[in-house]
Amino acid sequence: MKRTIYLKLLLGYGIFIALSLLYIYNGYEKAAEDKHIASYALSLYNQANGISGYYSKYHYNISRPDDSYSFSGDIKTFMLPDDTTLWLVSSDGKILYSSRYRDTGKIPGDLSSYFDSGIYTTTTYNNIMEEEVLSVYSPIVNTYKTYGYVILSRRLEAVVSDFAPLSNFNYSIFLLMLIFSLSILIVFHIFIFRPIRNVKRAVNEYAKGNFDYKLPKIYYKDEIGDIGEKLNFMALEMKEKDDDQRKFITNISHDLRSPLTSIKGYVEAMLDGTIPPELHEKYLNILLFETERLNKLTESLLLLNTWDYKGMRLDITDFDLVSLTRNIVASFEGQCSRKKITLDVFFGSKAYIVNADKTKIQQVIYNLLDNGIKFSHNNSTINIKITDKNDKIFFSVKDSGIGIPKENLKKIWDRFYKTDSSRGKDKTGTGLGLSIVKEVISSHNENINVISTEGVGTEFIFTLQRSKKASLPVISS
């Protein structure tokens, strides 16, 4: 069976309980019981010592008492508990008197063998006692001569039973510890294990590709709650990426299939005579346009793939952004004329020398202008503006075209992303232009932003680093 953290915790908890019980029973309780027995034995010894002192002073020759002497009267004087047995033993080991009369005359054996380890022992005295007793002894001595011994005994079971309340107290403490530790286990289950289990279930679902699975909300603002929030965010991002990947495959399939279908159809029509020879030139130009479109698509894909694999290599130089922009604007004269679009440029009265990769920035400006012209209405104006602030140069391209829906603004940088209006309005785009723009600007560690209102227009603004060189005056052309 696969071991989980929870099972390991339960196993550890079980081991803790077992070791605690073992310690209380065989360790602490046994030691406490032994201490209690020793303490009681000391009390019993003090009594025995008092009795032996009495006999040592007044009746030391206990083996030859007067006929009128009453040992039983002494017993009453000593006020011994009912369950305590008193023996007066002669020096040769014979019981001269016992508070239990049936013991008198018996010989328990060599006393030194019983008390060789201290003042007390637990024994049955060769089965004279019916059960094990706790015994202490004290010699009766007078003029340096031992006349006998006083032995006090009490049933060991009775002595141990006196320890029961303390033992019960110990078990009560252990029970409280058990309840407390069980409470900790329950708290762990609710606040730690259950959220971890939910996180594990979510991870398993995400590993299967089920990004629609929603991790139950974790209300605790701790590390697990933080992991849960990040997992939910990751799942949402992965779901969007998964959707984007499907759209990517759909878009690239569409952009590859459309020109290939056109090329195949026109070639077949020319071969089977559907298109007469006098129209071949017209349709060959169409075929050329479609092949150029395919070539542009594959070149852009290869370019982006190269950047992904090797990273974009920049050839950083200082150049005049104004001069570069003028040349690019001039290249769009034909497209603007056909749609009657005006390019309104504002550069101020000075040159703007930037430190960047000139070829790639040229591609960025070209793509932004091309994008603006595609989606601008006829007889409209596109504003191109270059300004500066401190060490940053700001480049802006603003059109008054169809605009971008608010929900699509974050997706315009995705490869092959096209809105429906884009696909319906323009068939020449590859859906990679803005992806290339984003890659180039990001590789320069600069920012590009977009401001758009649907039906009003769109503005792209990106920044470049100003060159350390002084600005040059603009040469009018």
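Attention here is on the structure that accompanies the text. The structure presented is a predicted model; accordingly, all values stated were derived computationally and were not measured.

Definitions and cut-offs
Residues numbered from 1 in each chain as written. Predicted model: local features only at pLDDT ≥ 70, side-chain atom pairs only at ≥ 80, totals over all residues. Heavy atoms only, no water. Salt bridge = Lys/Arg side-chain N within 4 Å of Asp/Glu carboxyl O. Helix = DSSP H or I, 4+ residues; strand = E, 2+ residues; numbered from the N terminus. Buried < 20%, exposed > 50% of the residue type's maximum accessible area, 1.4 Å probe, protein only. Core = buried A, V, L, I, M, F, W, Y, C linked by side-chain atoms within 4.5 Å. Contact = heavy atoms within 4.5 Å. Axes fitted to C-alpha atoms, helices over the stretch in contact; angles between N-to-C directions. Left-handed = near helix turned anticlockwise from the far one by under 90°. Nonpolar A, V, L, I, M, F, W, Y, C, P; charged D, E, K, R; others polar. Phe/Tyr/Trp six-rings, centres within 6.5 Å; stacked < 30°, edge-to-face > 60°. Pairing = 2+ DSSP bridges.

**Looking at the pattern of salt bridges**
Note that side chains of opposite charge can pair when their charged atoms are close.
Item 1. Throughout the structure, instances matching the rule amount to 11 salt bridges.
Item 2. With a shortest N-O distance of 3.0 Å, arginine 100 and glutamate 130 are connected by a salt bridge. Of this pair, arginine 100 sits in the loop between β2 (95-98) and α3 (111-114) while glutamate 130 sits in the loop between β3 (120-123) and β4 (133-142), placing them 30 residues apart in sequence.
Item 3. According to the relative accessible area criterion, arginine 100 is buried, its value standing at 16%.
Item 4. Glutamate 130 gets classed as exposed once you look at its relative accessible area, which sits at 58%.
Item 5. Of the charged contacts in the structure, one is a salt bridge between lysine 374 and aspartate 370, with a shortest N-O distance of 3.1 Å. Here the residue lysine 374 and the residue aspartate 370 both occupy positions in helix α10 (residues 358-374), the gap between them amounting to four residues, near one helical turn. Take lysine 374 and aspartate 370: they sit in the same class, and that class is buried.
Item 6. A network of salt bridges, in which partner residues are shared, links Arg100, Arg102, Asp103 and Glu130.

**Notes on the nonpolar core**
Item 1. Counting residues in each nonpolar core, the largest one holds 40 residues, and the members touching the most others are Leu321, Ile361, Ile365 and Phe462.
Item 2. For this core, the leading source of residues is α10, giving six residues.
Item 3. Excluding residues within four positions of it along the chain, isoleucine 361 makes contact with Phe319, Leu321, Leu324, Ala356, Val440, Ile441, His444 and Leu464.
Item 4. Grouped together as the second largest cluster of nonpolar side chains are 22 residues, Phe78, Leu88, Tyr97 and Leu152 included.

**Some details on the packing of α10 against helix α12 (residues 433-443)**
Item 1. Close contact between α10 and α12 brings their axes to 9 Å; oriented N to C, the two are set at 145 degrees. With respect to the hand of their crossing, α10 and α12 are arranged in left-handed fashion. Residues Lys360, Ile361, Gln363, Val364, Asn367, Leu368 and Asn371 of α10 lie in contact with α12, whose contacting residues are Gly433, Leu434, Ile436, Val437, Val440 and Ile441.
Item 2. Its residues assigned to classes, the contact of α10 with α12 shows eight nonpolar, four polar and one charged.

**Some remarks on the packing of aromatic side chains**
Item 1. Tallied over the full model, the rule gives nine aromatic pairs.
Item 2. Measuring from ring centre to ring centre gives 5.0 Å for tryptophan 87 and tyrosine 125, while their planes differ by 50 degrees; the resulting arrangement is tilted. With tryptophan 87 in strand β1 (residues 84-90) and tyrosine 125 in the loop between β3 and β4, the pair connects residues that are 38 residues apart, well separated along the chain.
Item 3. Overall, the relative accessible area of 0% leaves tyrosine 125 in the buried class.
Item 4. Pairing tyrosine 97 with tyrosine 101 gives two aromatic rings, centres 6.3 Å apart and planes at 80 degrees, and the pair type is edge-to-face.
Item 5. On the basis of relative accessibility, which here comes to 60%, the residue tyrosine 101 falls in the exposed class.
Item 6. Following the ring pairs from residue to residue traces out a cluster consisting of Trp87, Tyr114 and Tyr125.

**Regarding unusual backbone geometry**
Glycine aside, negative phi is the norm for most residues, and most peptide bonds take the trans geometry.
Item 1. With a phi angle near 70 degrees, asparagine 127 is a residue other than glycine that sits in the positive phi range.
Item 2. Of note, asparagine 127 is situated in the loop between β3 and β4.
Item 3. Despite not being glycine, asparagine 379 has its phi angle at roughly 60 degrees, a positive value.
Item 4. Relative to the helices and strands, asparagine 379 is located in the loop between α10 and β9 (381-389).

**So, the sheet that holds strand β5 (residues 145-155)**
Item 1. Here we have five strands laid out as an open sheet, ordered β2-β1-β5-β4-β3, and antiparallel in their pairing. Every interior strand has two partners, whereas the edge strands, β2 and β3, have only one. Between one strand axis and the next, the sheet turns through 30 degrees on average, direction left out of account.

**Notes on the sheet that holds strand β10 (residues 392-398)**
Item 1. Across the sheet, which stays open at both edges, the five strands sit in the order β7-β9-β10-β12-β11 with mixed pairing between neighbours. At either margin of the open sheet sits one strand with a lone partner, and together these are β7 (342-346) and β11 (448-453). Each neighbouring strand pair of the sheet contributes to a mean axis angle of 15 degrees, computed without reference to strand direction.
Item 2. Sheet topology note: the β10/strand β12 (residues 457-465) ladder contains seven bridges and is antiparallel. Looking at the pairing, phenylalanine 395 lines up with phenylalanine 462 of β12.
Item 3. On top of the sheet, α10 reaches β9, β10 and β12; it is set at about 170 degrees to β12, its chief contact.

Just distances and angles here, no functional claims.
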